[in-house]
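# Observations on the model geometry
What follows is each chain in one-letter form.
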Amino acid sequence: MGAVFSDRQAITATGSWKLTDLSGHTAPRNLYIGCAGWSLPRAAITAFPADGTNLERYASVFRSVEINSSFHRPHRTSTYERWAASVPEPFRFSVKMPKIITHAKRLADADDLLAQFLDEVSGLGARLGCLLVQLPPSAELDFEIATKFLESLRSRHSGDVFIEPRHPSWFVPAAGKLLKDFQVGRVAADPAILPAAAEPGGLAGKVYFRLHGSPQIYYSSYTTSYLNGLAFRLRAHAHAGGRVWCVFDNTIRGAATENALYLAKRVALGERDAARR
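Residues numbered from 1 in each chain as written. Predicted model: local features only at pLDDT ≥ 70, side-chain atom pairs only at ≥ 80, totals over all residues. Heavy atoms only, no water.

## Comments concerning the overall build of the chain
- The number of helices and strands found in the chain is 10 helices and 10 strands.
- Relative to a compact globule of 277 residues, whose C-alpha radius of gyration would be 19 Å, the chain shows 18 Å and is just as compact.
- Judged by the C-alpha coordinates and their principal axes, the chain covers about 50 × 40 × 35 Å.
- Taking all 277 residues of the chain together, 52% fall into the buried category.
- Of all intrachain contacts in the chain linking residues separated by at least 6 positions in sequence, the fraction that spans at least 24 positions is 73%.
- By element, 52% of the accessible surface of the chain is carried by carbon and sulfur atoms, the whole surface being about 12,400 Å².
- Positive and negative side-chain charges in the chain, numbering 33 and 25 respectively, have mean positions lying 6 Å apart. (Helix = DSSP H or I, 4+ residues; strand = E, 2+ residues; numbered from the N terminus. Rg over C-alpha atoms; globule rule 2.2 N^0.38 Å. Buried < 20%, exposed > 50% of the residue type's maximum accessible area, 1.4 Å probe, protein only. Contact = heavy atoms within 4.5 Å. Areas by Shrake-Rupley, 256 points an atom, 1.4 Å probe, with all protein chains shown as cover. Lys, Arg positive; Asp, Glu negative; His and termini not counted. Charge placed at Lys NZ, Arg CZ, Asp CG, Glu CD.)

## Brief notes about helix α4 (residues 77–85)
- For α4, the set of buried residues is Thr79, Tyr80, Trp83 and Ala84. Projected down its long axis, α4 carries its buried residues within an arc of 140°, all on one side. What points out from α4, more than 90 degrees from its buried face, is the exposed set Arg82 and Ala85.
- On the buried face of α4, the contacting elements are α2 (54–59), β2 (64–67), α3 (69–72), β3 (92–96) and α6 (111–121). (Arc of directions from axis to C-beta.)

## Brief notes about the sheet that holds strand β8 (residues 201–202)
- Pairing is mixed across the open sheet formed by 10 strands, whose spatial order is β7-β9-β10-β1-β2-β3-β4-β5-β6-β8. Two strands bound the open sheet, and with one partner strand each, they are β7 (188–190) and β8.
- Pairing geometry for strand β5 (residues 160–164) and strand β6 (residues 185–186), over two bridges, is parallel. For Phe162, the partnering residue across the bridge sits in β6 and is Gly185. (Pairing = 2+ DSSP bridges.)

## Notes on the packing of aromatic side chains
- Counted under the stated rule, the structure contains 12 aromatic pairs.
- Between the aromatic rings of Trp38 and Trp83, the centroid separation amounts to 5.1 Å while the plane-to-plane angle is 75°, which identifies the pairing as edge-to-face. Here the residue Trp38 occupies a position in the loop between β1 (31–36) and α2, and Trp83 occupies one in helix α4, the gap between them amounting to 45 residues.
- The exposure class of Trp38 is buried, given its relative accessible area of 18%.
- Members of the aromatic cluster, each reached through a chain of ring pairs, are Trp38, Phe48, Tyr58, Phe62, Tyr80, Trp83, Phe91 and Phe93.
- Looking at Lys96, its charged tip hangs above the ring of Phe71, at a distance of 4.1 Å from the centre. (Phe/Tyr/Trp six-rings, centres within 6.5 Å; stacked < 30°, edge-to-face > 60°. Lys NZ or Arg CZ within 6 Å of the ring centre and 35° of its normal.)

## Considering the nonpolar core
- By size, the foremost hydrophobic cluster in this structure holds 72 residues, and its most contacted members are Phe93, Val95, Leu131 and Phe248.
- Here this core gets seven residues from one element, more than from any other, and that element is helix α10 (residues 255–276).
- Not counting residues within four places of it along the chain, the set of residues in contact with Val95 comprises Ile67, Ser70, Tyr80, Phe117, Val121, Leu124, Leu128, Cys130, Leu131 and Leu132. (Core = buried A, V, L, I, M, F, W, Y, C linked by side-chain atoms within 4.5 Å.)

## Considering the side chain of Glu120
- Within the element layout of this structure, Glu120 appears in helix α6.
- Buried within the structure, Glu120 lacks any salt-bridge partner; its nearest side chain of opposite charge belongs to Arg76, at an N-O separation of 9.1 Å.
- Once you skip the residues sitting within four places of it in the chain, Glu120 turns out to touch Pro74, His75, Thr77 and Tyr80. (Salt bridge = Lys/Arg side-chain N within 4 Å of Asp/Glu carboxyl O.)

## Describing the packing of helix α7 (residues 143–156) against helix α8 (residues 173–181)
- Remark: α7 packs on α8, axes separated minimally by 11 Å, with the N-to-C direction vectors making an angle of 15°. One finds that α7 runs roughly parallel with respect to α8. The two elements α7 and α8 cross, and the hand of that crossing is right-handed. Contacts from Phe143, Ala146, Thr147 and Leu150 in α7 reach Ala174, Ala175, Leu178 and Leu179 in α8.
- Of the residues belonging to the contact of α7 with α8, the class tally is seven nonpolar, one polar and no charged. (Axes fitted to C-alpha atoms, helices over the stretch in contact; angles between N-to-C directions. Parallel < 35°, antiparallel > 145°, perpendicular 65-115°, else oblique. Left-handed = near helix turned anticlockwise from the far one by under 90°. Nonpolar A, V, L, I, M, F, W, Y, C, P; charged D, E, K, R; others polar.)

## Observations regarding the pairing of strand β10 (residues 244–248)
- Within β10, five of the five residues are buried, leaving the element largely enclosed by the surrounding structure.
- Both faces of β10 are covered, namely the face carrying Val244, Cys246 and Phe248 and the face carrying Trp245 and Val247.
- Two strands pair when backbone bridges link them, and β1 and β10 are joined in this way by five bridges, in the parallel orientation. Bridge pairing links Tyr32 to Trp245 in β10.

Here it is, written out as structure tokens:
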């Protein structure tokens, strides 16, 4: 694999490439690379069209986005409808479940809140790609509570669901079986609390990489060496079938956008090279 570069070199290496630079070679259609939010940092602004809302400009380059604001506050159904109308047909949204459900209630006795959230996100219609359930690091796996929550969720929503647990109790075989039983994928996170947390889990074929920045969470850019290796892994998952997500959450200094641009380029180059063989 390539040499390991400093954080700053990883950012600079993205350049201002555009999808058209690759003569039609892009990521597999079931691979969704994007960021947590659609802000456009100045360092990467030339990769996006000059006109339109930030979401429209973002969606002209990327195929997906993770909505994090839903974690902090509810949005009207009409807001989700407006967002859905702003993006092209292939674009998909991942929506983070509200913290009142995941952190305050810790999944317990949350039926009414869950129903409200699902009613709101229904505004995305066919543009809703998946739901993201991120749990606090202190949330141990309580099988009774988790089972009741997943039963309630699955009685209301049949689409893709991913969970990002951050307590070691969620990485035992019984936890994996629970997630498989309810057709839920487990996020592959970086930084990972233990080796298993760095790999996708739960239901096979459901893949969601969530990259928070390393070594400084939410700030650090990923090295080109790491991103090159990740591009290979994502292509392998995508060609195995199923929908594959990769979301960059290292947004504070704009690294997420530039890392996602670089990764999308590496994936597209890999597809082009494979097509030539």
